[in-house]
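Coordinate analysis (summary)
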Amino acid sequence: MSSDDQTNTQQDDSSLDVSILKDIAKKVLVDALNSVNGAKTLVLDSSLAGPLGLVTEVALLKHHGVDKMFWLESGPLTSTTTNIIYLCRPSIKYARIIADHIKKHLKDGKKHLYTLLLVPRKSIMVSRVLEEESVLGEVTILPYNLQFIPIADDVISLECDGAFKQLWADGDESIIYDSAQALDTIQRTYGQFPRIIGKGDYAAGLQRLATLLQRQAASAAAPDAGGVSTQGNIDSLIVLDRRVDMITPLLTQLTYEGLIDELVGIKNSHVELPASLLSPPNPPAASNVAGPSTSPPANPTPLAGLKKETKKKHHLATSTDPLYAELRDLNFGNVGKSLNRVARRLDENYKTNLQSKTVAQLREFVGKIGGLQTEHQALRLHTGLSEMLLPLTRTDAFNRSLEIQQNLLASYDVPAQITAIEDLMAQGTDLNTVLRLLCLASITGNGIKAKVLENIKRDLLQTYGYNYLPLLLFLSAPPLAILLPNPLPSFTPAVVSSLKYPFSGLRKSLRLLIDDTPEALDEVENDISFVYSGYAPISIRLVQCVAQKGGVLSNPAEKEKPANQTNDGQGKGLSGKVQAHPIVGWKGFEDVLVTIPGEAVDIALRGSGESSTISPISSLLRGREQATTTVVFFLGGCTYTEIAALRWVGRQNRGRKFLVATTGIISGNSLMESLKPPTSPATPAAAGL
Amino acid sequence: MTDHPTTTWQAMQDGNVFYRRQQLYSVSEKLPKLDDHVIAGCRYSGPLALMRDSSKIIVLGKSNVASKTQIQIFSPAGRPLLTFSWDNGKIIRFGWTHDEQLAILNEDGVYRVYDLQGDYQQFSLGSDAAELGVIDARIHESGMVAMLSNLSLLEVKGWEGGQPLTLASPGISEPPHAWAVIPPDLNISRHVEVLLSAESTILTVDNLETIDQRISRGPFTHVSPSPNGKSLALLTFEGTLWVVSTDFQRSMAEFETRNVVGAEGLVQQVEWCGNDAILVTWDSLAVLVGPFGDTLQYLYSGPTFAVTEPDGVRVISTEVCDLIQKVPASTLSIFRPGSTSPAAILFDAWQSFSLKSPKADESMRSVRPDLSTAVDECIDAAGREFDPAWQRQLLNAAKFGRGFLDFDNPSDFINMGQTLKVLNAVRFYEIGIPLTYAQLFYTSPSHLISRLTTRNLHLLALRISTFLKLKPDVVLKHWASAKILRSRPSASGTGDEAELGGDEEVCKLIVDKFQQLGGADVNYAEIAKRAWEVGRPGLATKLLDHESRASDQVPLLLTMKEDRLALEKAVDSGDTDLVYHVLLHLHKRLQLGDFFRLIEDGGAKLAPASKLLQVYAREQNREMLRDFYYSDDRRVESAVLSLDEATRASDPASVLTSVKAAQKFFSEDKDRTFEAKMMDESHRLLTYQQVLEKETDGKVPFFGLSIIETIRTCLLNGMGKRADKIKGDFKVPDKRFWYVKLHALTAIRDFEGLDAFAKSKRSPIGYEAFVRHLVENGHNKEAIPYVAKCDSPRRADLYVECGEWRLAGKECKDRNDKTKLDELRKKCPNTLIQRELDQIATSMK
């Protein structure tokens, strides 16, 4: 029995190796660079620098003939090499800049060979602009198909920052097509998605596209269906578009990683930190949270000399920083405890040095020392980082907004919350926070009283400037419609009322709120709601509706206590970890699903006959022998808390892993920021309102 | 039984290596005189193209001499495939592409790519080439390099009319004695490399630089790179054949051609035989030079033409078409005289067995340990034989051997059987593709299929592709195109009715055929395009309905001017780039009004297209966007567009106009009174800000600030009156005004003013806000007075925040709040305060 168990857990660990995707991206880039002979100047779209940094490093580019690199900006470009390679996303702005460069060079009589690499594919729009500027003949346009980039072992992202804005503000659906292509690559790499389950109108669109692409791929790649060995690794794809759950990103994320994103900002897995944090020495830790971290006794001076770093960007990666893996998904309240524990352990380890008497013992210790030092360094970093966060979480505005959020979620005294938001605004709290709270109030309360809303809007414009009027218009217009008056004015198009969010119903049916009282705290720890200290993100609840049906209604982890191993894998809830049930779509939650706006889809992709006859048996067999992976794709971005929650769900089951795929990582702030007028002039493209 | 395979063998290198000359076809009387013609042979057993060499004298009055330039194409078996005449200037060079198409380049830099049906596409090398004139060119499978009259080199990649690229200047003053090109895929750099024999050296030219290889043995009359691009055969004027690696680092062999017995006249060709031997041809003699300078002589009656193959060399003479190649390893190991390899023993055993000789058993016993390799070798050798009888013998031997194997995967055996069937079929003289096993896998079976279809051998191609379990799509597509061409309805007489029926019929015929043969995924769009090209739009539309890929449908729909359908299909496909393609195309072609109407009439179905148009226009063509909104009465969008312009505008006047315009748009929509009012306020504010700027002589920037910021700026600059006026004018709520003023006065440390302000009336925000803000900004002392104004229960804590523990203690005492005091005592920072608090505590008792 025990051996069986062991093998099972071992196989549980075998998840998809996403680093392949990185290698693919790197190889494609190298091939693209090599297609141009000789030394070349690389001109880079700054929004691509982050994603590219996750894929490759400057040394590699240099190795493949990149002589100098410039940002793609307006202004003259002087290049010493004949070849100039532009690397950017297709946008008219960039096309114009490129055209200007070329025209300038032509005028100055400089001869260059231009190659334009467009991410992720060629664009007719760009070639048209170049044609209008009459430089199209000078440029060779090639695609650089940069798709999913792994940003963690179980997270892959398109790192496309503007996805949300493009979809819900501009109505530009390019990202759906790109996503479908990228998901298609996933299928080719890891095997087919036997089933696609989705919620949301755009998700449905994506699903349609994905099936279409797949059909084409199947016909194109005739008999060499390459994925025989990998087939069955993925049991389904769940697509959620952001509109399905607008509440979650509006809330303040309360996991460690989420909070860093909220308060410091994480961009392409990189966080900008003061250099002092990254390079010791540190001021002795004293504050409450990190306080007891008995700062390690080992002399820090040689370390300090070794690790002198001046750069301030830090890559938050679990591969180089094992401590981060431990911390990132914890509720911030528990980070201190965890750090403390690590510090103790480290201390113990260092102490063994004092006890080592024989040469052999000493050698053993010296062998460990490298690891200890890394850990030491990591501990220092995270202690410092949490110290940095702590005062920020103590501010009045932060706590007030948290309080308002919790009250709104519980629909407790809504008018008072609105007043509180007004107060925040009066005190000059930043616009993002205010807008997030307002939208939250509107979604949870089914709109804000028309008169009140008008006043708030007026105050808002007075406080932050009239140039935010388009932003307000956009927030209240379909397809987003997350800032609505109640009742809806008579002239509102019918679409809007259909987009209304049935929050109070969902709160009950999806068990969104879990009391944050001390007695219930244990329960919070045992549910995905830990990421928001008592609120379970709807998006992840929906995933649970598909992949862990038991978890929606009650806490699976609680059943763990009377653990009693039975030999039947299906003995649900009795074994140490529940065996993941096969994917059967939305079954059991159709009623809930209907109430949420947006189309729901559920399609088995392999011939239906096959899936119905074989899947029950095969999935049973598979369950015992091999872990499957469920890919969850967030169209329009997801938050770190959602990833954390999903990881938690993954840990509760045996035999199912989750792979998070997203168009990008978002937070409430980045969301609002993307919609603001300076970066996105004139937003509400929607008709009618 | 036919001749034993070894009869065609000849030994070289002390009998260690054998070369064989396999007669493929007898072509006597089928080909014209080779020495009168310029010839280009297609690799991989492809056809020959011949053009009369105008520099040679011929006897007039002979039968097939046309006055015009004529190009004839013959299969290796001597069957004429195509003859066409050329009327487009002087031909400089012609050669075969990888897809078995004939590329012909004329002196004006115009080149055509002909398929075997005589259809061609015409491209040009650009104006430079046309002006200067092309003097020579080298055509390889995936492109060509042309030499212009100023001796510069132009490269073309691929055969789709790619843009010609100028290579580095070779820096020579007269045409090279000989030159050659190494195709891109054979170079390490993956770029084409040109080798020029100039004076006594060789220059290598690529798109970056020209390198002089500093060789003093030249000049050379022949430069010939091997099929794998690794070695080079050079022939000097003195007749020395020299083989070097292409990087000129290693000299591999040298050979004097003048010493060859029976060689007369000039060397005709220096061609590679595979990658390890070189065939040098004279008028009626061919000499194979091995890697160590050993030779084999082959006599021919009359002139010959040699075509290098990856595994040998094809020699075409007036009588025969031969393949000369190194005897493959597996064949050698079986048939080599005295061979004792396992395969040879197995073959021997089988022969004994078929003769019912007991020797079979003995042989089998001895070969037992290596039986599986022996079987494999027999299978392989079968593939290398041309004679079906021997193929069968070898396969039988393999089958015999397999019977003794415990575990054997039969797939190799089966595959070989199938492949041989295919090879034998295409080698049949009427088909005339004497493909070898190696060539088949070098080029892939699908390549063979496409070669068959271009010869219009659809049935054979279809049978082969089903036999090899390839998809029949390619064949079907080609068949359908051919079908459409053939079934062209008669232009007049039958009338519309009949023609429609014809369309229906052909379409049904094609679709049925596809479905019947399982080619459901065939690309209908290409076939439809074909139909459109031959002037059958009806048929094209019908065929296009069967196409599932929008990206293929749309372009044709656009050419057919089915605008709305094209747009709808593009939107349905979800491919935004395709939508842009249609939109931009239509925008160019249609009147603006018609264009807008098309999109607006589309309603919800075309909404995504409309959105994309807006995204594009916002960046690239705002004028159009304005018209678009205006024509559709979209007031809100128009207003937002105006506002967007306001943020982009730099000078105040245009900002004001834009805001005004936005206000007007909003006011035209009766449901947008709030927005209109806001814009009105915005306009007023901007105007007032201009006034303020004038008052401050432009030193303080106001323009574009929000109301609250304006008030703050006023306060910061001591314009308190103005701030009050703005508050009144714009009805700023008290609360907000108080916060702003508090913040502003604190920022300029105007504590007296703050005091006066605090006393001016009862604070709507309470006084705790005062205390907190002051403390946050480090003005603890100034904060103290305001604590007294706060609610009494909060005071103790607030005092603590100001750092006034004593006052806090006193407060507790006043309120007689013992628990609070104990709390303070626990928290206090030092003993001094501790003592004081203790004192207070005792005094309270």
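As recorded by an unreviewed UniProt entry, chain B carries the name Vacuolar assembling/sorting protein VPS16 and is attributed to Pluteus cervinus.

For chain A, an unreviewed UniProt entry supplies the name Sec1-like protein and the organism Pluteus cervinus.

A tally of regular secondary structure across chain B gives 33 helices and 29 strands. Within chain B, buried positions represent 51% of all 845 residues. Once local pairs closer than 6 in sequence are excluded, the contacts in chain B between residues at least 24 apart make up 49%. As displayed, chain B offers around 39,100 Å² of accessible surface, 49% of which is attributable to carbon and sulfur atoms.

Along chain A, the regular secondary structure elements total 30 helices and 19 strands. Here the contacts in chain A between residues at least 6 apart in sequence split such that 80% fall between residues at least 24 apart. When the accessible surface of chain A is summed, it comes to about 27,600 Å², and 55% of that surface belongs to carbon and sulfur atoms.

Moving on, we get to the pairing of strand E20 (residues 231-236) of chain B. Residue and element names in this part refer to chain B. When you tally the buried positions in E20, you get six out of six residues, the bulk of the element. A two-sided burial pattern is seen for E20, the buried positions comprising Ser231, Ala233 and Leu235 on one face and Leu232, Leu234 and Thr236 on the other. Sheet topology note: the strand E19 (residues 220-225)/E20 ladder contains five bridges and is antiparallel. In the strand pairing of E20, Pro225 is matched with Leu232. Taking the residues between adjacent antiparallel strands as the criterion, E19 and E20 are bridged by five residues, where Gly229 takes a positive phi near 75 degrees. Both E20 and strand E21 (residues 240-245) contribute to a ladder of five bridges, which runs antiparallel. Looking at the pairing, Leu234 lines up with Trp242 of E21. Where E20 folds back onto E21 in an antiparallel hairpin, the turn is made up of three residues, including Gly239, whose phi is positive at roughly 95 degrees.

Moving on, we get to a positive patch on the surface. Residues Lys451 of chain A together with Lys677, Arg684 and Lys731 of chain B make up a contiguous surface patch of positive charge. Of note, Lys677 of chain B is situated in helix H23 (residues 673-695). Here Lys677 of chain B falls in the partly exposed class, since its relative accessible area comes to 47%.

Either a parallel or an antiparallel arrangement is found when strands of a sheet pair, and the pairing is made through backbone hydrogen bonds. Residues and elements named next belong to chain B. If you walk across this open sheet you meet the four strands as E7-E8-E9-E10, and the pairing is antiparallel. Both edges of this open sheet fall to strand E7 (91-96) and strand E10 (120-124), since each of them pairs with a single strand only. Strand-to-strand, the axes of this sheet are offset by a mean angle of 20 degrees, without reference to chain direction. Bridge count between E7 and strand E8 (residues 102-106): five bridges; the pairing is antiparallel. The residue of E8 that forms the bridge with Gly95 is Ala103.

Turning next to helix H13 (residues 524-533) of chain B. Residues and elements named next belong to chain B. Inspection of H13 places Tyr524, Ala525, Ile527, Ala528 and Ala531 among the buried residues, and these make up the whole buried set. For H13, the buried positions fall inside an angular range of 160 degrees around the axis, keeping them on one side. Gly535 lies just past H13 and shows a positive phi near 85 degrees.

Now for the sheet that holds strand E3 (residues 37-41) of chain B. All names here are of chain B. Spatially, four strands are ordered E3-E4-E5-E6 in an open sheet, and the strand pairing comes out antiparallel. The open sheet has two edge strands with one neighbour each: E3 and strand E6 (80-86). If you compare each strand with its neighbour and ignore which way they point, the axes differ by 20 degrees on average. With four bridges joining them, strand E4 (residues 48-52) and strand E5 (residues 69-74) adopt antiparallel strand pairing. Looking across to E5, one finds that Ala49 is bridged to Ile73.

Take the packing of aromatic side chains next. By convention here, two paired aromatic rings are described through the distance between centres and the angle between planes. Residue and element names in this part refer to chain B. Enumeration according to the criterion identifies 30 aromatic pairs over all chains in this entry. Pairing Tyr111 with Trp159 gives two aromatic rings, centres 6.1 Å apart and planes at 75 degrees, and the pair type is edge-to-face. Of the two residues, Tyr111 is situated in strand E9 (residues 110-114) and Trp159 in the loop between strand E13 (153-157) and strand E14 (165-166); the sequence distance between them amounts to 48 residues. On the accessibility criterion, Tyr111 (1% relative accessible area) is buried.

Attention now moves to empty space enclosed by the protein. One way to see where empty space is left: roll a probe the size of a water molecule over the atoms. All names here are of chain A. One pass over the structure, following the stated rule, counts nine cavities of 30 Å³ or more. Reported here for the largest cavity is a volume of approximately 130 Å³. What lines the largest cavity is a set of 14 residues, among which Ile151, Ala152, Glu257, Leu316 and Tyr640 lie closest to the centre. For the lining of the largest cavity, the element with the most residues is helix H29 (residues 640-652), which contributes three residues.

The next point concerns the interface of chain B and chain A. The partner chain A presents 57 residues to the 59 residues of chain B that form the contact. Between chain B and chain A the total buried area reaches about 5,400 Å² when both faces are included, carbon and sulfur atoms providing 56% of it. Considering only the side of chain B, the residues that lose the most area to chain A are Gln620, Phe674 and Arg736 of chain B, jointly responsible for 12% of the buried surface there. For Asp459 of chain A, the salt bridge identified is with Arg736 of chain B, shortest N-O distance 3.1 Å. Scanning the region where chain B abuts chain A turns up 22 residue pairs in polar contact (both at pLDDT 80 or more). Only helix H17 (576-589), helix H19 (607-620), helix H21 (635-648), H23, helix H24 (707-716) and helix H26 (734-747) of chain B provide two or more residues apiece to the side of chain B that touches chain A.

All names here are of chain B. Of the residues making up helix H20 (residues 622-631), those classed as buried are Arg622, Met624, Leu625, Phe628 and Tyr629. Axial view of H20: buried residues confined to an arc of 155 degrees, hence all on one face. Elements in contact with the buried residues of H20: H17, helix H18 (592-601), H19 and H21. Asp633 sits one or two residues past H20 and shows a positive phi near 55 degrees.

Residue and element names in this part refer to chain B. Burial analysis of strand E15 (residues 178-182) places five of its five residues in the buried class, which makes it a mostly covered element. Neither face of E15 is open: one carries Ala178, Ala180 and Ile182, the other Trp179 and Val181, and all of them are buried. With five bridges connecting them, E15 and strand E16 (residues 193-198) associate as antiparallel partners. Along E16, the bridge assignment pairs Ala180 with Leu195.

With that settled, consider the nonpolar core. Membership of the largest hydrophobic core comes to 243 residues, with the highest contact counts inside it found for Leu87, Tyr144, Phe148, Ile247 and Leu475 of chain A together with Phe770 of chain B. Here this core gets nine residues from one element, more than from any other, and that element is helix H19 (residues 431-444) of chain A. In this view, Phe148 of chain A contacts Leu21, Ile156, Ser157, Leu158, Ala182, Leu183, Ile186, Phe633, Ala661 and Thr662 of chain A; residues no more than four positions away in its chain are not counted. Of all hydrophobic cores here, the second largest spans 120 residues; its members include Val135 of chain A together with Leu405, Leu476 and Tyr629 of chain B.

About the thresholds
For every chain, the first residue of the written sequence is number 1, and numbering continues from 1 onward in sequence order. Labels are handed out in written order, letters beginning with A for the chains and numbers beginning with 1 for the ligands. It should be noted that, the model being predicted, local features are given only for residues of pLDDT at least 70 and side-chain atom pairs only at 80 or more, the latter also being counted only at that level, while totals for whole chains, interfaces and linings use all residues. Side-chain metrics in this entry use all non-hydrogen atoms of the structure; hydrogen atoms and water are not considered. Working definition: helices are DSSP H or I runs of at least four residues, strands are E runs of at least two. Numbering for both runs from the N terminus. Each residue is placed in one exposure class: buried if its accessible area under a 1.4 Å probe, protein chains only, is under 20% of its type's maximum, exposed if it is over 50%, and partly exposed if it falls in between. We call two residues contacting when some pair of their heavy atoms lies within 4.5 Å. Exposure was quantified through the Shrake-Rupley algorithm and a 1.4 Å probe, taking into account, for residues, occlusion by the shown protein chains and nothing else. Strand pairing requires that DSSP identify at least two bridges connecting the strands. Patch members must show over 30% relative accessible area and no salt bridge, and they are joined within 9 Å when carrying like charges or within 5 Å when they are nonpolar side chains of Val, Leu, Ile, Met, Phe, Trp or Tyr. Here, a salt bridge means any side-chain nitrogen of Lys or Arg that lies within 4 Å of a carboxyl oxygen of Asp or Glu. Positive charges come from Lys and Arg alone, negative charges from Asp and Glu alone, with His and the N- and C-terminal ends not counted. Every charge is mapped onto a representative atom, which is NZ of Lys, CZ of Arg, CG of Asp or CD of Glu. Angles run from 0 to 180 degrees between N-to-C directions of axes, and those axes are lines fitted to C-alpha atoms, restricted for helices to the stretch in contact. Arc definition: it is the arc formed by the directions from the helix axis to the C-beta atoms. To pair, rings of Phe, Tyr and Trp, with the six-membered ring standing in for Trp, must have centres within 6.5 Å; the planes then decide the type, stacked if under 30 degrees apart, edge-to-face if over 60, and tilted in the middle. Space inside and on the surface of the protein is sampled on a 1 Å grid over the protein atoms alone, with a cavity defined as a set of points where a 1.4 Å probe fits but cannot get out and a pocket as an open set with protein on both sides within 12 Å along at least 5 of 7 lines; lining residues have an atom within 4 Å of a point. Grid points are joined across faces, edges and corners, and a volume is the space filled by probe spheres set on the points. As used here, buried area is the combined drop in accessible area, with a 1.4 Å probe, of two parts when they are placed together. The definition of a polar contact used here is a pair of N or O atoms within 3.5 Å, where within protein one atom must be able to donate a hydrogen and the other to accept one, and adjacent residues in sequence count solely through side-chain atom pairs. Working definition of a nonpolar core: buried Ala, Val, Leu, Ile, Met, Phe, Trp, Tyr and Cys residues. They are joined through side-chain atoms within 4.5 Å.

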